[in-house]
Amino acid sequence: EPILYDVPVRNNGGRIRCIIYKIKLEGKIDIRSPTEIGGLRSEEFAALNPYRKMPVLVLPSGEAFPESQVIESYLLDKYRDQEPSLIPETSELRARAALIARIHDLYIAPTQGCMYKKMDNQEERTRQISQISDQLDMLERYCIGPYMCGDTLSYADSAVLPTLVFCNFILPRYFGWSTIFKDRPQLEKWWQKVSQDPDLSRVMKEIEGGLEAWVESDRWTKLGIIHN
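Residues numbered from 1 in each chain as written. Predicted model: local features only at pLDDT ≥ 70, side-chain atom pairs only at ≥ 80, totals over all residues. Heavy atoms only, no water.

1. Examining the environment of tyrosine 5
You can see tyrosine 5 is positioned in strand E1 (residues 3-5). Once you skip the residues sitting within four places of it in the chain, tyrosine 5 turns out to touch Arg32, Ser33, Pro34, Ile37, Phe45, Leu48, Met54, Pro55, Val56 and Val58. (Helix = DSSP H or I, 4+ residues; strand = E, 2+ residues; numbered from the N terminus. Contact = heavy atoms within 4.5 Å.)

2. Quick notes on the sheet that holds strand E3 (residues 56-58)
In any sheet, the strands associate via hydrogen bonds between backbone groups, in a parallel or an antiparallel arrangement. Strand order in the open sheet made by the four strands is E2-E1-E3-E4, with mixed pairing throughout. With one partner strand each, in any of the chains shown, strand E2 (30-32) and strand E4 (64-66) form the two edges of the open sheet. On average, adjacent strands in this sheet sit at an angle of 20 degrees to one another, irrespective of strand direction. Sheet topology note: the E1/E3 ladder contains three bridges and is antiparallel. Bridge assignment links leucine 4 to a residue of E3, and that residue is leucine 57. Contacts between helix H3 (residues 68-78) and the sheet are confined to E1, E3 and E4, with E4 contributing the most and set at about 125 degrees to the helix. (Pairing = 2+ DSSP bridges. Axes fitted to C-alpha atoms, helices over the stretch in contact; angles between N-to-C directions.)

3. Things to note about the pattern of salt bridges
If you walk through the whole model with that rule in mind, you get 16 salt bridges. Of the charged contacts in the structure, one is a salt bridge between arginine 15 and glutamate 72, with a shortest N-O distance of 3.0 Å. Here glutamate 72 lies in helix H3 and arginine 15 lies in helix H1 (residues 11-22), a separation of 57 residues in the sequence. Since its relative accessible area comes to 1%, arginine 15 is described here as buried. Judged by relative accessible area, glutamate 72 falls into the buried class, the value being 2%. A salt bridge links glutamate 206 to arginine 17; the shortest N-O distance between them is 2.7 Å. Taken as a pair, glutamate 206 in helix H8 (residues 198-216) and arginine 17 in helix H1 lie far apart in primary sequence, 189 residues in all. Here glutamate 206 and arginine 17 have matching classes, each one buried. Salt bridges sharing partners connect three or more residues here, namely Asp6, Arg17, Glu26, Arg202 and Glu206. (Salt bridge = Lys/Arg side-chain N within 4 Å of Asp/Glu carboxyl O. Buried < 20%, exposed > 50% of the residue type's maximum accessible area, 1.4 Å probe, protein only.)

4. Quick notes on the packing of aromatic side chains
Applying the stated rule across the entire model yields eight aromatic pairs. Judged by centre distance (5.5 Å) and plane angle (50 degrees), the ring pair of phenylalanine 181 and tryptophan 191 falls under tilted. Taken together, the residues phenylalanine 181 in the loop between helix H6 (155-174) and helix H7 (185-195) and tryptophan 191 in helix H7 connect sequence positions 10 residues apart. With relative accessibility at 8%, the residue phenylalanine 181 sits in the buried group. Ring geometry for tryptophan 190 against tryptophan 191: centres 6.3 Å apart, planes inclined by 55 degrees, an arrangement best described as tilted. Like tryptophan 190, the residue tryptophan 191 is buried in the burial classification. (Phe/Tyr/Trp six-rings, centres within 6.5 Å; stacked < 30°, edge-to-face > 60°.)

5. Structural notes on empty space enclosed by the protein
The rolling of a water-molecule-sized probe over the atoms marks out the regions of remaining empty space. Scanning the entire structure with this criterion turns up two cavities of 30 Å³ or more. Within this model, the largest cavity holds a volume of roughly 60 Å³. Taken together, Ile23, Leu75, Leu76, Tyr79, Arg80, Gln82, Pro84, Ser85, Leu86 and Ile87 form the lining of the largest cavity. Taken together, the residues of the lining of the largest cavity sort by class into seven nonpolar, two polar and one charged. The set of elements that each furnish at least two residues to the lining of the second largest cavity consists of H1 and H6. The element best represented in the lining of the second largest cavity is H1, accounting for three residues. A breakdown of the residues in the lining of the second largest cavity according to their chemical character gives five nonpolar, two polar and two charged. (1 Å grid on protein atoms, 1.4 Å probe; cavity = no way out; pocket = protein on both sides within 12 Å on 5 of 7 lines; lining within 4 Å. Points joined across faces, edges and corners; volume = space filled by probe spheres on them. Nonpolar A, V, L, I, M, F, W, Y, C, P; charged D, E, K, R; others polar.)

6. With respect to the nonpolar core
For soluble globular proteins, the rule of thumb is that nonpolar side chains tend to be buried together. The biggest cluster of nonpolar side chains holds 64 residues, and the ones touching the most others in it are Met115 and Trp190. Sorting the residues of this core by element identifies H1, H3, helix H4 (91-108), helix H5 (122-142), H6, H7 and H8 as the ones contributing at least two each. When residues of this core are assigned to their parent elements, the largest contribution, 13 residues, is made by H6. (Core = buried A, V, L, I, M, F, W, Y, C linked by side-chain atoms within 4.5 Å.)

Right under this line is the structure:
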């Protein structure tokens, strides 16, 4: 069966796990840690993805697909008969889903590391945190409710949910935000809705568990992001 190499505290991998859990692919796709083949730095992993990043989907043929958006598209096409469908019904809603995922992939995901990675330039960190705020406003603008694209769950929800788990966990705790939902009522209602879904909340808890481990290791102090 196909193998997805991923770890719980990954938003890009969480995007794929949302799909796997939601359309019941756990018996069809095996989820493993890269440590089983030596980790991201190993030659075996590099043979699957020269960029040495997760997630990677490896097919029974040995062919490997990196990049979460590519894996997402493959799964939604390969298992398109699985219910529920995560592809919106109309052309307009499909365009909206693509736009929301695009906003995430181009403008949020590339800067999210500013919340938890070492940076020598703190002014640049502040700028990137501000950019995340701006893009949350864009998600607020395009979220229809109760899900991103209306009454049914779609891949737009699975694309943004894991990253918003990072934002919701980190920004109030370490950057002084009262909440990531201030002046974003649509996003707040959306968050409440997806939190009630057992498959999506499972991914949320997986990521939060990984982030709690980071808290216990005192990551933000050790990397100089905050000072005690």
